[in-house]
Structures are given as structure tokens and as C-alpha cells.
Amino acid sequence: MLIRVAVPVPGLDLLTYLVPDPSPAPVVGARAVVPLGSRLVTGIVVEIEEGMDAGAGEINAERIKPIRQLLDAGAFIPADVVRLAQWTAEYYASGAGEAITAVLPPKTRGDRQDAHKTRRVAAITVVGSELLANLRAGREAIAPENKVTERQREALDLLAGAPAGIATAHMAGRGISADVLARLARQGLAAIRSERVDRDPFEAGALVAEDQEAGRRLSEEQETAVVRLSAFAASQAFRVALLHGVTGSGKTEVYLRLSAIVRDAGRRVLMLVPEIALTPAVAALFRQAFGERVAIQHSGLSDGERHDQWQRIRRGEVDVVVGTRSAVFAPVEKLGLIIVDEEHDGSYKQEESPRYNGRDVAIVRAQRAGALVILGSATPSMESYHHAMTGRYERVLLERRILDRPLAAVTVVDMREEYAAEGPDVVLSRALRAQIDVRLARREQALILLNRRGFATAVFCRQCAGTLDCANCSVSLVVHGEGSARRARCHYCNYSARVPPACPLCAGPYLEQTGFGTERVEAEVKKFCPSARVARLDRDSVRRKGSLDALLTRFRDGEIDVLVGTQMIAKGHDFPRVTLVGVVSADVGLGMADFRASERTFQLLTQVAGRAGRGSQPGEAIIQTIYPDHYSILLACRQDYPAFYEREIHFRKAMRYPPLVSMINTVVRGRTFTQAMDDAAGVAGRLRQADADRRDLRILGPAPAPLGKLRGEYRSQLLVKGANRKRMREALLAAIAAAPELQRRVSVDVDPISVL
Ligand code: ADP
Ligand code: ZN
């Protein structure tokens, strides 16, 4: 008997082996230990050739090696997940090796030290206990510096009942703010400590979920949505529904109700979220609704944690799996519902091989399982909305916010006028500064977005006009830090250097920093609002594990007034006390040489404006821009998705971009610019030749990629557009295969999300 095995080795396709003793017979999904060169590796059985002759006649039987051992009598990976991996390998043109790696459970390397999170816990001190005893006994013997307010008394009462302490987030839920606790701590009546929390992936969000009332009444729109969607689910047939609900319309509640209905019908649920660290509350809400029968899968967990959860799913111990894109391969059986929350989010796309989009793999998986898919978003991707408009997907609308709360009122500040009035160095406009002050006075909170990290985005020589560039990449270095901590860093390869005192090109002494990023915005807010408690949320500020959770918790607890950050602050959060959102430069993404630039800008602005006014106080957003007339900015201000779609689809049609055509991006890397260009030209030539009779492909390039050099390698680019993805892919792969030495220097991206 012959079997084909996928081994988790990049670049390898299915390998054929002999099973000398086919009892017990191998099954698809079982693990097999096989020889590979001089080593032994464990792979997954993907195909079985019945009867020795079938394959052995054609392939030289002598060269087929026998497997060493079959590890499982049944399927270790469910057969349908193995087939899903095969589909992924084929569709996204990766090897079977890469694809099988994506479905294997994480290796168990035991506990890793880095998996902890922190939370802040307040506990009563001995002095506090004594004071409380006095108060309770009605004794007046209190030293004057220890006068306590009503709120403090309340806090002490609560704390006295929990000698080990209570999380500050929990106290906030009871109406005891961080300020009250801080005052108690200063008076020596309470102590506040930071505590490590590990192994329980739910902890961070669990605190948020506690205050949610169970079984609250759905809004009319939610009710209608649940009724329609549950009818789809009950049919047990494949269906895709786009849940298009404005920010704050209560999509999560709809997911929860649907999941419960599907669970009660005996089927299971997969819930995908773009980045779990940024939406911890979602996992917690599911945990609250489904108790122990929820598992969580994402890369922020330690390998040990992830492995445990994977095994629980495999054993059928959970009804709901919540996870990031890789969870689309979770070994769930009897799937009835897949939810893709924030389906437009770019993080569903994996930017290394296999370059799959978790949303699209989810749809294929549901199709095979006869399940319902819900794609949820306030700003759907052009692809999904297009399918909804052309009738391929059902469209379910939530047009109003919960309790009819208004969407944030958006004001645009034309920065050209601001520069004229205030000078070229303005970062925060007068309007934005004034509004931040208003929130501070009202003890409300503000989010300030700038989608660019660092302090200054370039160092520029006034004498020769040169910039300080990365030695390995074709980008300028970004300045991080101030004073002695100041360094220039590459955001692509992490190269970093001290900022030199003079220009390295012409020795000119006048080096100027230009452009600004989140660090500069943070500094400006501190400068103009000295009383504000300001923090920054971007990839630099949350490098350490657990620091992101800690920061979000502090913001939720009201220990931070103004949170400055990149797009990370725009995602899915529900902070009821945020009433102001400021966008420092709405234009950051518009300059990119990418056909999705307008779409991304519109989504980001609409999403971030959607963070304001989610509680009882109405919200306001201020958007600073130098292109106040650009349609993606104008329409984001009006939060008018349909109008944006109409405008953008027009452009995509005219330019022949997705979703109206399919596209494959190919990048060829080379040691020199010429090598990269010549090799790409070779591929393009063969491809054009293959297309000569039919002429149904559009082949653009080769051209230098927008990021012409990356990590020391030159890059050239070839775009293929067409109607038939399969034909495009096959023709392209054949054109690449004709130059075997190219294999390792080419990457193929089917349905690219970015073409930089
Ligand atoms: P979306 O994901 O659509 O932006 P959320 O699901 O975060 O919105 O819901 C917004 C807010 O409304 C949350 O605070 C949520 O708890 C609350 N909410 C949702 N449904 C209801 C309801 N039926 N009644 C009261 N509050 C609700
Ligand atoms: Zn670099």
C-alpha cells in the first residue's frame, strides 16, 4: 500500500511512502513517522492509494521508502481538516508542508516564562482594618490625616471582606475608581500591587464580563437579525451572511445568541477574531455564556496552554472555539456555525506562506461542513459587500446603535489652515486641544490615533537633502525616543543606529527631524495638557507580554485620561467613558502605492470614530487632514458606508482591481537589482507566451516593488490579473517552475491584501 504524507517542512509537497504492513490500515489524518533524507520526521497521512499496483507501477518502486511507524489507528487530525489544509496549499500555491504546519497542534515545550499577564490588586492594610473597626464601632478616635470619605469607607468595607485583595478592575465595576484606591494607598489604609496572572487565558476579559447582565432584552434590530440568522442555521445548509452593523450596534450579542442556538441543536461553533489581545472581552463573554465548554486558540498563549486547549477541542470537550486566524484549522467536529468578527481586518491574512486569508478559508470550511458563516463588520471589505450586493451572501443589517445612542459627531480640521495660522510644526490642532481639555474637565476619556510609530519619521540633511536610510532596506529610519535614549530604527528589519551628529553623506552639520509618530503625539499631549494622565499604545509600548492587557485594564479603570496609539486603539474596544476620538493625521495611509489605500483609510477612520460615545454620554470625533475633500475621509466623517462602496467599486471597475478581477502578486528577490528584475522578466515572458492564444490574463510588470529592497535583498514585482484564478495560478506556477533555481527566491501571494 502506498500513502502520501505531508511533512511539516517548508517547500515540500506530498511525499509518497510504502506501508509494508497495512494492518491496521492507515487512515487520512493519522500521524506517520517517515524517513526524509537522513532524518526521521512525523507527518500526516493525506492520501491513501489502495492496492500496491496503482501507484507503484508508474513510480519507480525501488525509490519509494517504507514508513517507519504509524502512530495512530484513527485520525489524529480530523480528515476534513486535512483536506482543508490541502485546499489551502493548492489555492494559495504553497507547499503541502507549509499548509500542514498550520493545522498541527503547537509543540509542547512545557511552560514558558513569558505567558503571564498582570493585573492590579488592592488589599486593606492593618492600619486600614483598625480604622474601619473604629468607624464601624462608631468610635471617633481617628487621626485627622486619616479622615475618610464616604466612597473610601465603601471601598474599605469591600476590601475588608477580601483579605487577599480585589482586582482594581473589579472595584471599578463596583463604582470605586482608581483615584479612590490611590488615595487610600497614600494614606496607608490600602496597598496596591501588580500581580502576575498566568495559565488562564480568560482572566483579562473575565473581569469585564462580570458586570454584563445575563439575558437582557435584544433591540428590535438584534431580534430580527437573530431570527433570520437562526433560520439559516436551522437549515443546516451552507450559507454566508454578512452582518453589517454600525459600530456599537451590538453585534457581539447577536453572535452569542446564535451560538447558543447552534449549540442547543447539537452542533459546534468557531468564532474568529482578528487579534484576541485586542478583544479580550469577546472571549470572556463566550466564557460567561458557555462556561467550561469554550476553548481559546491564539498565538499569544504559551505553547503549553495552546496545546492543552487543542487537545480539549480534539476530544470534543468544547462547544465553542474562540481564536485568531489559525483557529480556522481547529480540530472541531460537527461544525454548525463559523463567525468571522471584523471580517474586513487585514490580520486575517497571513503574510508568510501559506498566505491564506482566515476569512476565506472559513467560508470553504463551512461549505464543506454545511454550516452557516456570519461575517460581521461595521465596514465590510469590498469583497464581502460586493458578494452581498450581487446576492451571493445574505445581508443582515443593524443600522442603529444600542439604545439608539447617536454615532459620534465628526468634525474635520483642515490642517493647511492650521499650518497657516499656527506654523508648520503643529501636531495637535486648536480644536483638538480644546476638546481634550473639555474631556479632562468632565473626567471623560479620549483616544488619539496616529497610525505611525516613533518620534520622528525621518532625519533629513539641510545641506545635501539626504535622509538617514536603512542599510538593508529602501526606507528611511524612524527616530525613537528623545535625549540620550534617541535612536534611529528600521521598521522592517529592526536595524538600529545612533542618530549621528552630522550627515553621513556630506558631513553637513544640520540634521533635522521631520514627520512625526505616536511618541511625538504623546509628548505634545503632555505638553499642552500637563494635568492629563497620558499613555501610548503601539507595538513599541507593548513589546513585553502582558503589558498590553495591563495598559487596557488601566484605561478601562480610568487610570488614564488620554490614550494615544496606532490602529491598535481602533479595534473592537468598548470603552464606555470615551467621548472624544482625535485622528492626528488621517492621511497616513492614503499615500501608499496600494489599491486598497482608500478602503483601509475609510475603515480605520470609521472604526476609530466608532469608539466614541458608546456609553451614556454622546461622542465626538475630530479628524485632522490635509485632504479634507478626499472621498474616503469625507464619507468616513459621514459614516456612510454604502456611499463609500459605490464610489470605490467604480474605481475598482475602472482600474480592474479586486473584487472585480482576481489578482496574484509575485515578488522575486535577488542579490542585485538586475538579478531580481531579470528573473522576474523571465517569469513574465514565459507567462505571456503561455497566454498568447487565449489572452485572458493581464500581466503587469516586472517592476521594482514599492519596497524595492528589504533585509538586504532587492525585490521586483509581477502582478497577474484575470477572471479565472485557477488558470492564473497554474500558468504562473508553470512559468516559475521552468526556472528551478528561482524557487527559493519567489513568493506568490494569491488574493493579496497588500501589494507593497
Ligand atoms: P459592536 O460590536 O456592534 O460595535 P458591541 O457588541 O460591542 O457592538 O455592543 C455595544 C455595546 O452595547 C456593548 O457595551 C454591549 O454590551 C451593549 N449591548 C449590546 N446589546 C445590548 C442590548 N440588547 N441591550 C443593552 N445593551 C446592549
Ligand atoms: Zn531595514
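Residues numbered from 1 in each chain as written. Chains lettered and ligands numbered in written order. Predicted model: local features only at pLDDT ≥ 70, side-chain atom pairs only at ≥ 80, totals over all residues. Heavy atoms only, no water.

(A) A look at the coordination of the zinc ion (ligand 2). Surrounding the zinc ion (ligand 2) are the protein donor atoms C470 (SG), C473 (SG), C490 (SG) and C493 (SG), at 2.3 to 2.4 Å. One way to put it: the four donor atoms around the zinc ion (ligand 2) meet at angles of 103 to 114°, and that makes the site tetrahedral. Sequence spacing among the residues donating to the zinc ion (ligand 2) works out to C-x2-C-x16-C-x2-C. Note on C493: relative accessible area 22%, which makes it partly exposed. (Donors = N, O, S within 2.8 Å, 3.2 Å for Na, K, Ca; no water. Tetrahedral: all angles 85-135°; square planar, octahedral: opposite > 155°, others 65-115°. Buried < 20%, exposed > 50% of the residue type's maximum accessible area, 1.4 Å probe, protein only.)

(B) Quick look at the site of ligand 1. Taken together, 17 residues are adjacent to ligand 1, and R217, G248, K251, T252 and D574 come closest. In the model, a nitrogen atom of ligand 1 is placed 2.9 Å from a nitrogen or oxygen of the Q222 side chain. With respect to ligand 1, the backbone of S249 contributes an N or O atom lying 3.3 Å from an oxygen atom. Within the complex, 82% of the 570 Å² of free accessible area of ligand 1 lies under protein. A breakdown of the residues in the shell around ligand 1 according to their chemical character gives three nonpolar, eight polar and six charged. (Near = heavy atom within 4 Å. Polar contact = N/O pair within 3.5 Å; in protein donor to acceptor, adjacent residues only side chain to side chain. Areas by Shrake-Rupley, 256 points an atom, 1.4 Å probe, with all protein chains shown as cover. Nonpolar A, V, L, I, M, F, W, Y, C, P; charged D, E, K, R; others polar.)

(C) Just the sheet that holds strand β5 (residues 69-70), in detail. Read from one edge of the open sheet, five strands run β2-β1-β4-β3-β5, paired in antiparallel fashion. The open sheet has two edge strands, β2 (15-18) and β5, and neither has a second partner. Judged from the four bridges that link them, strand β1 (residues 2-6) and β2 form a sheet pairing that is antiparallel. Counterpart to L2 in the pairing with β2 is L18. (Pairing = 2+ DSSP bridges. Helix = DSSP H or I, 4+ residues; strand = E, 2+ residues; numbered from the N terminus.)

(D) Representation of the confidence of the model for the protein chain. Across the protein chain, pLDDT averages 89, with 93% of residues at or above 70. With pLDDT under 50 throughout, residues 108-116 is counted as low confidence; its partners more than four residues away or in other chains account for 18 contacts. Every residue in residues 198-213 scores below 50 in pLDDT, and together they form 37 contacts with partners more than four places removed in sequence or on other chains. (pLDDT = per-residue confidence, 0-100. Contact = heavy atoms within 4.5 Å.)

(E) Structural view of helix α10 (residues 251-264). The terminal C-alpha atoms of α10, which comprises 14 residues, lie 20 Å apart, in line with the 20 Å expected from a rise of 1.5 Å per residue. Restricting attention to buried positions, one finds in α10 the residues K251, E253, V254, Y255, L256, L258, S259 and V262. Just beyond α10, the residue with positive phi is G266, at close to 85°. (Expected span 1.5 Å × (residues − 1).)

(F) Region of interest: the sheet that holds strand β27 (residues 662-670). If you trace the four strands from one edge of the open sheet to the other, you get β28-β29-β27-β30, paired in antiparallel fashion. In the strand order of this sheet, the two ends are held by β28 (697-710) and β30 (746-750), each with one partner. Going across the sheet, the axis of each strand differs from the next one's by a mean of 20°, ignoring polarity. In this fold helix α23 (residues 725-737) packs onto β27, β28, β29 (713-722) and β30, with an angle of close to 15° to the strand it touches most, β27. (Axes fitted to C-alpha atoms, helices over the stretch in contact; angles between N-to-C directions.)

(G) Helix α21 (residues 641-655), seen in detail. Along its 15 residues, α21 runs 21 Å from first to last C-alpha, staying within 8% of the 21 Å computed at 1.5 Å per residue. The complete set of buried residues in α21 reads Y641, F644, Y645, E648, I649 and R652. The arc enclosing the buried residues of α21, seen along the axis, measures out at 125°, which places them on a common side. Facing away from the buried side of α21 by over 90 degrees, the exposed positions are H650, K653 and A654. If you follow the buried residues of α21, they end up packed against β9 (239-245), α14 (382-389), α19 (597-609) and α20 (631-638). Measuring from the side-chain oxygen of the N-cap residue of α21 to the backbone nitrogen of A643 gives 3.2 Å; that N-cap residue is D640. (Arc of directions from axis to C-beta.)

(H) Examining the packing of helix α5 (residues 150-160) against helix α7 (residues 178-186) more closely. The geometry of α5 relative to α7 is characterised by a closest axis approach of 10 Å and an angle of 80° between their N-to-C directions. Regarding the angle of α5 to α7, the classification is roughly perpendicular. Contacts from R151, Q152, A155, L156 and L159 of α5 reach α7 at V180, L181, R183 and L184. Class assignment for the residues of the contact of α5 with α7 results in six nonpolar, one polar and two charged. (Parallel < 35°, antiparallel > 145°, perpendicular 65-115°, else oblique.)

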